[in-house]
Every structure is written in C-alpha cells, then in structure tokens.
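A structural walkthrough
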Amino acid sequence: MSDELGRALDRISRVRGMRGSMWVSAEDGIPVAQLLMEGVSGKAVAALAASLVRKISGTAGAVGAGRVRFVQMEAAGGTLLAALAPPDLLVVALADSRVNIGLARIEMMRAAAAVAP
Amino acid sequence: MAEDIRSLTAALARDPSSLVYAELAEALRRRGQRDEALRIALHGLARHPQHVHGHDVLARIHADLGDLDRALLAWSKVLELWPGHPGALKGVAFVRFRQGDVVAAAAALEQVLALDPTDAAARRALETVRRGAGAVGAPAALPVAPAPAEAQPALEAGEAGAQERPAVFSGFDRATADILLLDERGLVLAGGLAGADGADVSELAAAGLAGVSGEAKRTGEYLSLGAWRTLVAEAETANLVVAPAGEGALLLVRRDRSMPVGLALRFAERARGTASAWLEGQGA
C-alpha cells in the first residue's frame, strides 16, 4: 500500500463507528488497498460498493444530475459510503450506525481529492 | 378500445387461424389485461411461429409483466426473423437499459439510427442512455452515432406523461419534475422527472432505478447491514435521494445542489410519508 493511500485510510478509520475503509478500482470493484476490522470482507465490500456506485451513477446521468461524487447507503445495521476519486478509484468506507457521516464524508472527499491527477 | 377488443375477438372466433390474434393481444395489453394478452399471443404464435408481429407483441407483453428475460428472448426472435426490425431493436435497448447494460442499450439504438437517421426519439433515447453511461465506472467511450429524428416506442413502454399520473405529491416543490414513485419492476406509479432539456425522463429513470434498488438490497444483505433505508448520491448538478416507500415501491427525489443533503433527506422523508399513505389508500 502506498504511503499516501495508507495515510488516507488511517485518517478515515479514526472516525468513530468506522469498521473499515479501502481504495477500490471503480471499474471492476477490486480492492487496491484496505484497512478493515476483522470479519469484514474486503472483496465483498469493494465489489458491492463499486457495483452500487455504477448503478446510481447511471441513473444520475440519465436524469441529468451529472457525474456522481459521493454515495451513501444507510441501512438498519450500518452505512456504506463511497467517494469517487477520478479517474478510476473509489474510497469506500463501511461503518456502523453511530458513525458521524459528515465527518467521514469530509475525510473521504479529502482523500479522493488528494489522489486526483 | 372495448369495441376494438370485441370486434377483434369476434374476428378471431370466426377464423382461429387468422393473424388478427396479434392485434387482439396488443389491444388487451394496452388495456392492461396482460395475462389475457399473453394467453392470446402464445396461442397465436403456436399456430404462426414465424409471425414477426406476434413475437413483437409477445415481447411487449413480457416487458409489461416485468419479465425482461422473456421479453429479450421474444425481441431476439423478431430480429432473427427480420434483422434490423426497429421496434425489436428499441425493445432490446429498453431491456438492456433496465438491466443496467448501457453499452448494449446504446448499441441497439445506434443500429436503429443507422437504419433510420430521422428517428428523433431513438436519438433522444441514445443521448439519455449515453448520459447514463458517462458516469464513473460505466464505460465512457460510446461510439458517436449518426444523426437525428423522432419516435421511440420501446423505451417509452408506459408512455403516460406526468400530467396523466396521480397527483400524489401536489403541494411539494416541483412535484412532477423532481419526485418519482415507482414499483420494484421499474414502472412509474406517480410523480415525474424532467430531464435537463425539460423532457419527461420518468420512464428511463424508473427503469434504471429498479436495478439500483436490487443492488442496494443485495449490498445490505451481503454486508449484514440489514434492510437499506436511503441511498444518497451527490452529483455535479443535483443530489438524488432514493428510498423504499412501502411494499415494493421506491421513491426518487432530486434536489438542486444548493439544497444541503440533510435538508434533501428531510424533504425525501416527507415525500416518502406522503407516498406510503397514498399507496396504503390504493390497497397496495
């Protein structure tokens, strides 16, 4: 894991309620780097997050909302977050329901901006 | 319509081997009698297995019933019998778009335009599909297709305009331009969505959202997050909030970027309450 990517994950993982964060290839949903709590499947998180982002991005494009930058899916038992880091990466985070989404979002967007060309 | 169905039924009764079965099935489909339409179409095709129009009608019935795989199969049969059949190509585009395969949807529409560059509706549909494909993760480099033109039957499948839909969200800001209620098969129930050019894109949005809902459900299950409650997408010009709105229904709210996400969520929550109450009133 490159230092830069690793440092970003470390910052994100310090947000309360965070169960893990990772860099994912946006196109194929393959993990690039990860920092996850035990029991969290990085491959599953990466694949599902990338697929979800692809789907909602398609809808956003179709309704004229433009390119998606950040996605959050809240569920009964936690939250999945994804920030797009163009051209081809996603920063993905999995958190429990106590997470401060605003803070997580700031860290994730900062991470995404840091790797932008 | 009822008169048409009566006369077509009588014609078919007089000559059961007649090709009029396809017209009857189509009339029944348009009237919403899909099971009866399916029965008539299958019966007719058993007698006329090479009847292009019959397969086309069958595909539309399957699409209305939400059986996309069978619809695709029927439209593929049409294309086998009549390569380049524009209705079938549009049908394939419709199914592929609903399945989230924007590349295949665009390819089918490009074939339509290659055959008839004056098909304006196909061109509009292609532009919409490409906008959907332009997002991260989706293939960005779709080939540039030919020129302009007009109507696009298959992508419309459920052509009611926003003005014909139940006014469930009256009282909400942009009730028929930014709030859409659909079912899990991707069929519009109420509200409406306008595209950047003002055109109604409700059907396309609903078709795409059916896939999003399934993906969110799968994600919640696989990651042991439980049932999903909301999905928010912050995009360049607008924020989208998607949420389940009662048994089998889904709500999409689009809000301008100037509205904070938290406020958009509250707005969506209000709309969801309204939608749920309306659905309960419908016995849904």
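All figures in this text were calculated on a predicted structure; none of them were measured in a lab.

The rules behind the values
- Residue numbers here run from 1 along each chain, matching the order of that chain's written sequence.
- Chain A is the first chain written and ligand 1 is the first ligand written, with later ones labelled in order.
- Only residues with pLDDT of at least 70 are given local features in this predicted model, and only at 80 or more are side-chain atom pairs given and counted; all residues enter the totals for whole chains, interfaces and linings.
- In this scheme, strands are said to pair when DSSP sees at least two bridges between them.
- A run of H or I in DSSP becomes a helix once it reaches four residues, and a run of E becomes a strand once it reaches two; helices and strands are each numbered from the N terminus.
- Angles run from 0 to 180 degrees between N-to-C directions of axes, and those axes are lines fitted to C-alpha atoms, restricted for helices to the stretch in contact.
- Placing C-beta atoms from the backbone, we regard two residues as in contact once those atoms come within 7 Å.
- Neighbour counting defines burial: a residue surrounded by 20 or more other C-beta atoms within 10 Å of its own C-beta is buried, one with 12 or fewer is exposed, and intermediate counts give partly exposed, using backbone-placed C-beta atoms.
- The scheme is simple: roughly parallel for angles under 35 degrees, roughly antiparallel for over 145, roughly perpendicular for 65 to 115, oblique for anything else.
- In a left-handed crossing the near helix is turned counterclockwise from the far helix by less than a right angle, and in a right-handed crossing that turn is clockwise.
- Note on residue classes: Ala, Val, Leu, Ile, Met, Phe, Trp, Tyr, Cys and Pro are nonpolar, Asp, Glu, Lys and Arg are charged, and everything else, Gly too, is polar.

**Examining the sheet that holds strand S4 (residues 78–85) of chain A**
One open sheet accounts for 10 strands, arranged S2(A)-S1(A)-S5(A)-S4(A)-S3(A)-S3(B)-S4(B)-S5(B)-S1(B)-S2(B); its pairing is antiparallel. The strands lining the two open edges of the sheet, one partner per strand, are strand S2 (31–36) of chain A together with strand S2 (188–193) of chain B. Each strand of the sheet is rotated relative to its neighbour by a mean of 15°, with strand direction disregarded. Sitting on the sheet, helix H3 (residues 101–115) of chain A touches strand S1 (18–25), strand S3 (68–75), S4 and strand S5 (89–95) of chain A, and the angle it makes with S4 of chain A is about 25°. Against the sheet, helix H10 (residues 202–222) of chain B makes contact with S3 and S4 of chain A together with strand S1 (178–183), S2, strand S3 (228–235), strand S4 (238–244) and strand S5 (249–256) of chain B, and its axis sits at roughly 110° relative to S2 of chain B, the strand it touches most.

**Digging into the pairing of S3 of chain B**
Within S3 of chain B, seven of the eight residues are buried, leaving the element largely enclosed by the surrounding structure. Summarising the sheet, S3 of chain A and S3 of chain B pair through seven bridges and their orientation is antiparallel. Each bridged residue has a counterpart across the sheet, and for Gln72 of chain A the counterpart in S3 of chain B is Val232 of chain B. Taking the residues that link successive antiparallel strands as the turn, the S3 of chain B-S4 of chain B hairpin has two residues.

**Some details on unusual backbone geometry**
The peptide bond linking Pro86 of chain A to Pro87 of chain A adopts the cis configuration, its omega dihedral lying at 10°. Secondary-structure assignment places Pro87 of chain A in the loop between S4 and S5. Phi is positive for Ser224 of chain B, close to 55°, though the residue is something other than glycine. One can find Ser224 of chain B in the loop between H10 and S3.

**So, the packing of helix H6 (residues 86–98) of chain B against helix H7 (residues 102–115) of chain B**
Residue and element names in this part refer to chain B. Put simply, H6 and H7 touch, their axes get as near as 7 Å, and they point 160° apart. In terms of their interaxial angle, H6 and H7 are classed as roughly antiparallel. Note that H6 runs across H7; the crossing there is left-handed. In contact with Pro86, Leu89, Lys90, Val92, Ala93, Arg96 and Phe97 of H6, H7 contributes Val102, Ala104, Ala105, Ala108, Leu109, Gln111, Val112 and Leu115. For the contact of H6 with H7, a count of residues per class yields 12 nonpolar, one polar and two charged.

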